[in-house]
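# Analysis of the macromolecular model
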Amino acid sequence: MLFSSIVFLFTFLPVTLLVYYLVPGRLKNIVLLLASLVFYAWGEPVYVILMVLSILFNYVSGIDIERNLENPFKAKQSLVIAVAVNLLILGFFKYYGFLIESLNAVLPVELPYKELALPIGISFYTFQTLSYIIDVYRGKVQVQKNLISFGVYVTMFPQLIAGPIVKYSDVEMQLRDRNITMEKFGDGAIYFVRGLAKKVLIANMTGLVFTKVSAITFSEMSVLTAWIGCIAYTFQIYFDFSGYSDMAVGLGKMLGFEFMKNFDYPYLSKSITEFWRRWHISLGTWFREYVYIPLGGNRKGRERTIINLMIVWFLTGLWHGASWNFVMWGMYYGILLIIEKFMIGDRLEKVPGMCRHLYSLLFVMIGWVFFFSPTLGFAWKYLGVMFGVGAKTVVDSMGIYLLITNLALFAIAAVGSTAKVHEIFGRIVYGGYKVRAVLACAIYAGMFLLSIAYLVTETYNPFLYFRF
Amino acid sequence: MMRKIHSRERKNGLDAIFITQMILIGILVLYVAVLLFRKGESDTPFAEMEQAVEGVLDNSDMKEADHKMFRRNYRLNANDYDGVMLWFREGTMEVDEILVVKLKSKEQSDTVVEAIEARKKSRKESFQGYGASQTKLIEDSIIDVRGNYILFVIKEDAEKIDQVFQKAL
């Protein structure tokens, strides 16, 4: 089920919230678990069984690890089994087809296989269960003996299918006891409406521009058109994913939870390193805590740090999808981060802020070409056109038309990518006067109504990160 | 208390947690095997499938094609199948098309998929070079083979129709 669907907004969410707020505290987790299972089963009736099995297995594994903690060998053995099973499940459903296809490309024989559809959200909930298992082993969190609470942690519908990836340590207390107030509910509703508007009014609109450009064949595409397509996608993915994350954080608040923010105005970054501190923060944090630091991080010398960074970025790319262009995308960032860390980091600091900002944006946009391309070959060709190789011309009427008709949209998206709008908005509506509260309500109601008007007339528009 | 029970169980060679883990792994393997080897045949009557897919087309200006048109476009005979449903949008620049076929036997699957691929190719060739949005729609079309049912959609909301199709199976 999509957050930005009429059935979610006008049936699932109101019914769930009503029941959730009516039942006494001890029953809230049961309501949340059942609602989350319905939410998932709506689109994945077969794979809900997989998720239930994953919950049961990780629940038992947590208990197994905890009881063996006094015997380090046995505890490690339990951890290895649990991690291996989780990775095998993820690997099978996400990478099995990719692996066989890659083997078939190099082997003289054709290996037969049947590729299964990717269970939605599997990458997100597997990383959550892994964080729990590893933290129980590390003694960082207490084992969860209440199956309902553990089930809520894995299935919680606000962040189940596209994150943020919530570490168990961040919600351990909240699963037992959380603060549910009307103020928090209101705050959550604001986050949700803002996220909905980001997705529906900006991401979907810029997505239309990108779709138009990607329909043009390379021989018919000008340099200008290729850049417009890339700019459109750059805005689309930010407003789509950060919009989803805002909705997830908002829904969490409405249910009494506090999730970490997943974005911090990433397009304001002045280096690639800074960009990754601001983009998909929960994924970066996960890889740092559970892969980079256990590998030795930067504590084992320059060469080992480089290897560790490349491993992490190879895995980050692969996490996004079973395809070589995602691997390339991950490696691209690995190399850029290594260059910044060991070669140009100090010199970059001395460059004027605007130049650093443009440098970051340019390389981020090039990165998105690998990300949106269906194949590596497509990505190279698209990049070629962006820089004049194989392009029809530099500027053509199509490019000018797309630029003129979407200039206002791009300007809104550009301003919306900065903290300015939020600051100004905050100053205007949160002044403490009653009239300003009314104004805030009117603005959010307007945003909500506009989004709904768009939703009822538009076609199916899933979130980009659903396929991961 | 819990620890005492565990240690007693382990001494007796019975480890409930370990056994539970192994049972769950066994169920997981079995579940994956079922997903991989299930025949996937649907017993949904064709009329029900038709109703479900047509339900999404409400208020759209698509028209239902007859068997002659199916034969002309796909070079297949509708009577060879348990059910055929073809919807299209009229107009020289329109590409929207939805086809649902219920097979009589799984052996027919390859023939139908080949016919669909041929249709897709010829539609693409018709628009390539001047109809950018039409070409894109054709490229993004969905061919979904689910056991004895096959769906082919060229439409902007192809994924939505595919979801309805899958739900109706």
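Residues numbered from 1 in each chain as written. Chains lettered and ligands numbered in written order. Predicted model: local features only at pLDDT ≥ 70, side-chain atom pairs only at ≥ 80, totals over all residues.

Under an unreviewed UniProt entry, the name given to chain A is Alginate O-acetyltransferase complex protein AlgI, and the organism recorded is Faecalimonas umbilicata. As stated in UniProt under Sequence similarities (unreviewed entry), the record for chain A gives "Belongs to the membrane-bound acyltransferase family." In its Subcellular location (unreviewed entry) section, UniProt records this for chain A: "Cell membrane". (UniProt positions renumbered as here; feature names shortened; annotations may be inferred.)

### Here's the deal with the overall build of chain B
From N to C terminus, chain B includes seven helices and five strands. N-terminal to C-terminal, the α/β element order of chain B is α-α-α-β-α-β-β-α-α-β-β-α. The buried share of chain B, reckoned over its 169 residues, is 24%. Considering only contacts in chain B between residues 6 or more positions apart, those separated by 24 or more positions represent 53%. (Helix = DSSP H or I, 4+ residues; strand = E, 2+ residues; numbered from the N terminus. Buried ≥ 20, exposed ≤ 12 C-beta atoms within 10 Å, placed from the backbone. Contact = placed C-beta atoms within 7 Å.)

### Considering the nonpolar core
All names here are of chain A. Ranked by internal contacts, the top residues of the largest apolar core, which has 111 residues, are Ile133, Tyr153, Ala226, Ala232, Phe235 and Met247. At 17 residues, the largest contribution of residues to this core is made by helix H9 (residues 223-254). Counting the residues that make up this core, at least three belong to each of domain 1 (6-178) and domain 2 (184-273 + 352-467). With sequence-adjacent residues up to four places away left out, Ala226 is seen in contact with Met221, Tyr382, Val385, Met386 and Ala391. (Core = buried A, V, L, I, M, F, W, Y, C linked by C-beta atoms within 7 Å. Domains from an automatic or database assignment.)

### Notes on the domain arrangement of chain A
All names here are of chain A. For chain A, the assigned domains read domain 1 (6-178) and domain 2 (184-273 + 352-467). Measuring from the centre of the C-alpha atoms in domain 1 to the corresponding centre in domain 2 gives 29 Å. For the side of domain 1 that touches domain 2, the secondary structure elements donating two or more residues are helix H1 (6-22) and helix H7 (168-176). Here the side of domain 1 that touches domain 2 is built from residues that sort into twelve nonpolar, three polar and two charged. (Nonpolar A, V, L, I, M, F, W, Y, C, P; charged D, E, K, R; others polar.)

### Considering the sheet that holds strand S3 (residues 97-102) of chain B
Taking strand neighbours across the sheet as the criterion, the five strands line up as S1-S2-S3-S5-S4 (chain B) in an open arrangement whose pairing is antiparallel. Unpaired on one side and paired on the other, strand S1 (63-64) and strand S4 (142-146) of chain B mark the two borders of the sheet. (Pairing = 2+ DSSP bridges.)

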